[in-house]
Protein chains: 2
Amino acid sequence: MVQYLNPPLDLSFAALSDATRRGIIDQLGRGDASITSLADQFQMTLTGMKKHVQVLERAGLVVTQKVGRVRTCKLGKRGLKAEAEWIEAHRKLFEARFEALDEIISEMKREGSDD
Amino acid sequence: MVQYLNPPLDLSFAALSDATRRGIIDQLGRGDASITSLADQFQMTLTGMKKHVQVLERAGLVVTQKVGRVRTCKLGKRGLKAEAEWIEAHRKLFEARFEALDEIISEMKREGSDD
DNA sequence: TAAATACTGAACCATCTGGTTCAGTTTATA
DNA sequence: TATAAACTGAACCAGATGGTTCAGTATTTA
């Protein structure tokens, strides 16, 4: 058996699998925001929004800081590097597979039906 | 409120959030495989593996075809384009944010403490 | 044609998810 | 100092997830 463990990828892909959370990232790209303002924008309770932000925080995509009674959320420095790398590496795998198929198909066309 | 809906991204990011499923993609990059061979490699019941493959199939990342009693799994033509695009677009957002911060910091250093 | 192989579907299970409400606590503001 | 604002935590809920077992069906193979 082969082991494929990468907890940070698990957490960040899971975080990105929800449209609201992708929207929060979008929003934070336009400027830092409080839990309240995010909750307003996404028409959700404060508690609900807090949970989403926590998911993003555990994935390292967002960092928060509480000053006074306001918790400000911003994009994390960690960014999406690891995710981009996984995706790009595997895009190549996908493409390589199709090239291999294309070769086989061309081969078959050249030789008639074989194998 | 803003609406951020993109069902395919939901499905594919969710599919990618599991290490076993990322491993299956890895494996299919090295060649097509039956449910049985995947179940062996990942030490899982056939039924369990079938579910994982179904998740990947619904996300469009894998296609399968049953010939005789064997179901062969291969990487889907759809690939990871949409996912790569989302990630790249948002990596830029992350970076832009930090550049903005850097500017503010430099500004503050130049002018002493202000604002 | 009998036995083995490969899959499939239903049912179950514990845990996680995406939301809620309600009852606090802490911090500003009038 | 009383009230409002912003958050927090616990508890609940329905439904999804990641696995399992068990009982089939369909297809090879001996």
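What comes next concerns the included structure. (Residues numbered from 1 in each chain as written. Chains lettered and ligands numbered in written order. Predicted model: local features only at pLDDT ≥ 70, side-chain atom pairs only at ≥ 80, totals over all residues. Heavy atoms only, no water.)

1. Thoughts on the side chain of H90 of chain A
Heads up, the rule is: By the criteria applied, helices consist of DSSP H or I runs no shorter than four residues and strands consist of E runs no shorter than two, each listed in order from the N terminus. Relative accessibility decides the category of a residue: with a 1.4 Å probe and only protein chains considered, values under 20% of the type maximum give buried, values over 50% give exposed, and everything between is partly exposed. The contact criterion used is simple: two residues touch if any of their non-hydrogen atoms lie within 4.5 Å.
Mapped onto the elements of the fold, H90 of chain A is located in helix α5 (residues 81-111). Residue H90 of chain A is classed as buried on the basis of its relative accessible area of 7%. Apart from residues no more than four positions distant in its own chain, H90 of chain A is found in contact with I25, D26 and L80 of chain B.

2. Here we look at the interface of chain B and chain A
Note the cut-off: A simple way to read buried area is as the amount of 1.4 Å-probe accessible surface that goes missing from two parts once joined, with both sides added. The term salt bridge refers to a pairing of a side-chain nitrogen on Lys or Arg with a carboxyl oxygen on Asp or Glu at a separation within 4 Å. Under this definition, polar contacts are N or O atom pairs within 3.5 Å; protein pairs additionally need one hydrogen-donor-capable and one acceptor-capable atom, and for neighbouring residues in sequence, both atoms have to be side-chain atoms.
Listed per partner, the contact involves 43 residues of chain B and 43 residues of chain A. Buried area between chain B and chain A, both sides added, is near 4,000 Å², and the carbon and sulfur share of it is 68%. There are four salt bridges connecting chain B and chain A. When the shortest N-O distance is used, the salt bridge between R22 of chain A and D10 of chain B registers 2.7 Å. Inspection of the region where chain B meets chain A yields six residue pairs in polar contact (both at pLDDT 80 or more).

3. Description of the protein's contact with DNA strand C
Which entries qualify depends on this criterion: A single heavy atom is enough: if one lies within 4 Å of a molecule or strand, its residue is considered near that molecule or strand.
Taken together, 20 residues form the shell around DNA strand C, and within it K51 and H52 of chain A together with T36, K50 and R71 of chain B come nearest. Of what DNA strand C places within 4 Å of the protein, 67% of the atoms are sugar or phosphate. H52 of chain A places a polar side-chain atom, nitrogen or oxygen, 2.4 Å from a phosphate oxygen of DNA strand C. For the surface near DNA strand C, the secondary-structure elements that each account for two or more residues are α4 (46-58) of chain A together with α3 (35-41), α4 (46-58) and β3 (70-75) of chain B.

4. Thoughts on the sheet that holds strand β1 (residues 33-34) of chain B
Residue and element names in this part refer to chain B. To keep it simple, the criterion reads: When DSSP finds two or more bridges between a pair of strands, those strands are recorded as paired. An axis is simply a line fitted to the C-alpha atoms; with a helix, the fit covers only the stretch in contact. Between two such axes, the angle follows the N-to-C directions and lies from 0 to 180 degrees.
Spatial strand order, β1-β3-β2: three strands in an open sheet with antiparallel pairing. Since the sheet does not close on itself, it has two edges, and those belong to β1 and β2 (62-67), each with one partner. Here β1 pairs with β3 via two bridges, running antiparallel. Of the residues in β3, the one forming a bridge with A33 is C73. Helix-sheet contacts for helix α2 (residues 19-29) involve β1, β2 and β3, and the interaxial angle to β3 is about 90 degrees. Contacting β2 and β3, α4 crosses the sheet at an angle of about 120 degrees to β2.

5. Observations regarding the pattern of salt bridges
For the structure shown, the criterion picks out 14 salt bridges over all chains. With its nearest N and O atoms 3.9 Å apart, the salt bridge here joins D32 of chain A to K74 of chain A. With D32 of chain A in the loop between α2 (19-29) and β1 (33-34) and K74 of chain A in strand β3 (residues 70-75), the pair connects residues that are 42 residues apart, well separated along the chain. With a relative accessible area of 34%, D32 of chain A lands in the partly exposed category. In this structure K74 of chain A comes out as partly exposed when scored by relative accessible area, which is 26%. D32 of chain B serves as the salt-bridge partner of R97 of chain A, at 3.0 Å between the closest nitrogen and oxygen. Taken together, the positions of R97 of chain A in helix α5 and D32 of chain B in the loop between α2 and β1 put the pair across two chains. Overlapping salt bridges, with partners in common, bring together D32 and K74 of chain A together with R97 of chain B in one network.

6. Details of the sheet that holds β1 of chain A
Residues and elements named next belong to chain A. Spatially, three strands are ordered β1-β3-β2 in an open sheet, and the strand pairing comes out antiparallel. Edge strands, defined here as strands with exactly one partner in the open sheet, are β1 and β2 (62-67). Looking at chain direction, β2 and β3 are connected through six bridges and run antiparallel. Paired with V62 across the two strands is L75, which belongs to β3. Across the sheet, α2 is in contact with β1, β2 and β3; its angle to β3 comes to roughly 90 degrees. Packed on one face of the sheet, α4 meets β2 and β3 and runs near 120 degrees to β2.

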